[in-house]
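Summary of the model geometry
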Amino acid sequence: MNPGTWRDWLPYPPNLSEHGPGVDQLNTYVHYLMFVMFIAWAIYFVYCLIHFRKREGHKAVYNPAKGKLAKVSEVGVILAEAILLIALSMPAWAAYKKNFPSREEALNVRVIGEQFAWNFHYPGNDGVFGRTDPKLMNNTGNSLGIDMSDPHAKDDIITLNEFHVPLNKPVIVDISSKDVIHSFTINVLRVKQDAVPGMVIPIHFKAVSGVGAHEITCAQLCGLGHYRMQGFVYIDTSEQYAQWHAQKESELQGASQ
């Protein structure tokens, strides 16, 4: 049976990102390893049910199991987890970090989570993010505390639950949170990163297919409204992205007049 057939047994969502195959491969190995451990533990469980069943002339002893089989089992579990961490997970993570694109070549976006929405902050045509100040945050149009006295802020684009990215272009996302811990998740792009208050965590991805809208969710229980913390990422062709960007800049210019 070829590996492709084995992979098809696992219900992965479609992958639209460049780094996605590596993530799927790691998940596949994890599932294989967990399946082997599950079978081993199931056999041991059945053995215990039979061997330590209630019988005449036998009395229960409430001491930890000590013996060759117990030691072999413990060593086996440690080895399996060491292989999972050192041989599989760490190389995959190192490859992802090593391939971090340069900020000059990538689209830079800030993503800020809050109960219960995702804010997206684009730097505008000048490529520089405007200054922000938490003291300027309000619920009447400046949810991110943009300092509009900063010249770099005047062309910044802010969207709510609407994330546009161009196809085949690296994207760097700086993730943070205004209130509690959230988890920025785009399954089809194999993106999942906690958004932690007081921290800015950069991640990167490149969409290589799947032009259209795809769901963004929060994978961290963040409050009573967690279930409705949903947005959409729009993977655009370069022409579609340029059109959307120009429309947003036009709206900003119209609002400032």
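What comes next is a walk through the structure.

What the protein contains, in helices and strands, is four helices and ten strands. Its helices and strands taken in sequence order, the protein reads α-α-α-β-β-β-β-β-β-β-β-β-β-α from the N to the C terminus. Taking 257 residues into account, the globule formula puts the C-alpha radius of gyration at 18 Å, and the protein, at 25 Å, lies well above it. Counting only C-alpha atoms and orienting by the principal axes, one finds that the protein spans roughly 95 × 45 × 30 Å. In the protein, which comprises 257 residues, the proportion classed as buried is 35%. Of the contacts formed within the protein by residues at least 6 apart in sequence, a portion of 68% connects residues at least 24 apart. Surface accessibility of the protein: about 16,100 Å² in total, with carbon and sulfur atoms responsible for 61%.

So, about the sheet that holds strand β8 (residues 201–205). Reading across the sheet, the five strands line up as β3-β2-β1-β5-β8 and stay open at both edges, with mixed pairing between neighbours. If you trace the sheet from one side to the other, it starts and ends with β3 (157–160) and β8, each paired once. Each neighbouring strand pair of the sheet contributes to a mean axis angle of 25 degrees, computed without reference to strand direction.

Quick look at the pairing of strand β10 (residues 230–236) now. Consecutive side chains along a regular strand alternate between the two faces of the sheet. As defined by bridge partners, strand β4 (residues 162–166) adjoins β10 across five bridges and the pair is classed as parallel. Bridge pairing links E162 to F232 in β10. Two strands pair when backbone bridges link them, and strand β9 (residues 212–218) and β10 are joined in this way by six bridges, in the antiparallel orientation. Residue pairing for β10: I216 is matched across the bridge by G231.

For the rest of this paragraph, the subject is unusual backbone geometry. Here the amide bond leading from Q115 into F116 is cis, since omega sits at 5 degrees, within 30 degrees of zero. In this structure, F116 sits in the loop between β1 (107–114) and β2 (117–122). Unlike most non-glycine residues, N161 shows phi in positive territory, near 60 degrees. If you trace the backbone, N161 turns up in the loop between β3 and β4. Positive phi, close to 55 degrees, is recorded for R190, a residue that is not glycine. Inspection of the secondary structure assignment puts R190 in the loop between β6 (182–186) and β7 (191–195). Overall, R190 belongs to the buried group, its relative accessible area being 13%.

Counting residues in hydrophobic clusters, the biggest one holds 32 residues, and the most contacted among them are W118, F120, Y122, F163, F184, I186 and L189. Setting aside anything within four residues of it in sequence, one finds L189 in contact with L16, S17, H19, F205, A207 and I235. Residues L33, M37, A80 and L84 belong to the second largest nonpolar core, which totals five residues.

Evaluated as defined, the whole model comprises zero disulfides. Left unpaired, C222 is separated from the closest cysteine sulfur, that of C218, by 3.9 Å. For C222, a relative accessible area of 5% puts it in the buried group.

A surface patch of nonpolar side chains, amounting to about 530 Å² of accessible area, comprises F35, V36, F38, I39 and I43. Residue placement: I43 occurs in helix α2 (residues 20–51).

Calculation rules
- Residues numbered from 1 in each chain as written.
- Predicted model: local features only at pLDDT ≥ 70, side-chain atom pairs only at ≥ 80, totals over all residues.
- Heavy atoms only, no water.
- Helix = DSSP H or I, 4+ residues; strand = E, 2+ residues; numbered from the N terminus.
- Rg over C-alpha atoms; globule rule 2.2 N^0.38 Å.
- Buried < 20%, exposed > 50% of the residue type's maximum accessible area, 1.4 Å probe, protein only.
- Contact = heavy atoms within 4.5 Å.
- Areas by Shrake-Rupley, 256 points an atom, 1.4 Å probe, with all protein chains shown as cover.
- Pairing = 2+ DSSP bridges.
- Axes fitted to C-alpha atoms, helices over the stretch in contact; angles between N-to-C directions.
- Core = buried A, V, L, I, M, F, W, Y, C linked by side-chain atoms within 4.5 Å.
- Disulfide = S-S within 2.5 Å.
- Patch = residues over 30% accessible without salt bridge, like charges linked within 9 Å, V, L, I, M, F, W, Y side chains within 5 Å.
- Salt bridge = Lys/Arg side-chain N within 4 Å of Asp/Glu carboxyl O.

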